[in-house]
Amino acid sequence: MSRGWEAIRADVLRRIQAREWGPGAAIPTEEALCREFGCARATVGRALRDLAATGVLERRRKAGTRVALQPVRRATLEIPVIRQEVEGRGQTYAYRLLADVMEQPPLPVLLRLRLPAGVALRHLTCLHSAGGQPFVYEDRWLNPAVPGGQQPDFAAHGANEWLVANMPYDAGDIAFSAAGAGADDAAAFGIDPGTPLFIVERTTWTADTAITCVRLAYMPGYRLRMTL
């Protein structure tokens, strides 16, 4: 009887924990596991990828899959949808596009996106509100070359939610910091310049090119919660 990927994942993890496959040991090939579990290779592959993502397995091309010598628990961070975060707080969400122009980005943005000088990117600034009060000021640079040259209209709905739903990424980086409000932040929040803010800077890429980099400034007093 064919089994789902979650059941296969649980079975493989049970064998590892029982030391049927010890640290550093090679596990059976995907083809062998497919025959054993009576399922498609894609199903086995998804189970093994999930275990690799959590640090239990190590997968290398042409070298097969092995049990990690020193398994580690890795945190997985999903890109949040700001609207959902606001509504999850029991507040009414609102969005306002402030600017949407094509222009050449400053050098720090080009370096973050690993793009050559002279390219023009779509520069978006917008304000997300919660309960009628400013919540997040978003300053985003979007590569118009992806996805497939599409140019969505962000007048009514923000790029944050559209990208999460429509643009899968292969790699990315994220940085958290505290910084004093700049002129644009201060104007958006109606606060004094220099007021401490929580800042998130995130960049994502496909396998071929950069997608976007964004700076999110959160309202004073914002607290980030994560589940381990």
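Caption draft 1: Up close: the sheet that holds strand β5 (residues 133-142). Read across the open sheet, the six strands follow the order β3-β4-β5-β8-β7-β6; overall the sheet is antiparallel. The sheet is open, and its two borders are formed by β3 (93-103) and β6 (171-180), each paired with just one other strand. For this sheet the average axis-to-axis angle between neighbouring strands, irrespective of direction, equals 15°. When strand β4 (residues 121-130) meets β5, the two strands line up antiparallel, connected through nine bridges. Note on β5: the bridge partner recorded for Leu124 is Arg140. Packing against the sheet, helix α6 (residues 159-166) makes contact with β4, β5, β7 (196-205) and β8 (210-218), and its axis sits at approximately 60° to β5.

Caption draft 2: Region of the structure containing the environment of Val81. On the secondary structure map, Val81 appears in the loop between β2 (64-67) and α4 (82-88). Classification of Val81 as buried rests on a relative accessible area of 8%. Sequence spacing of Val81 and Ala165 is 84 residues, and the spatial spacing of their C-alpha atoms is 9.4 Å. Val81 has contacts with Asn160, Glu161 and Val164, leaving out every residue within four places of it along the chain.

Caption draft 3: Structural context of the packing of helix α2 (residues 30-37) against helix α3 (residues 41-53). Contact pair α2 / α3: the axes reach a minimum separation of 9 Å and the direction vectors enclose 110°. In terms of orientation, α2 lies roughly perpendicular with respect to α3. The hand of the α2/α3 crossing is right-handed. On α3, the residues that touch Glu30, Glu31, Leu33 and Cys34 of α2 are Arg41, Val44, Gly45 and Leu48. Class assignment for the residues of the contact of α2 with α3 results in four nonpolar, one polar and three charged.

Scoring rules and cut-offs
Residues numbered from 1 in each chain as written. Predicted model: local features only at pLDDT ≥ 70, side-chain atom pairs only at ≥ 80, totals over all residues. Heavy atoms only, no water. Pairing = 2+ DSSP bridges. Helix = DSSP H or I, 4+ residues; strand = E, 2+ residues; numbered from the N terminus. Axes fitted to C-alpha atoms, helices over the stretch in contact; angles between N-to-C directions. Contact = heavy atoms within 4.5 Å. Buried < 20%, exposed > 50% of the residue type's maximum accessible area, 1.4 Å probe, protein only. Parallel < 35°, antiparallel > 145°, perpendicular 65-115°, else oblique. Left-handed = near helix turned anticlockwise from the far one by under 90°. Nonpolar A, V, L, I, M, F, W, Y, C, P; charged D, E, K, R; others polar.

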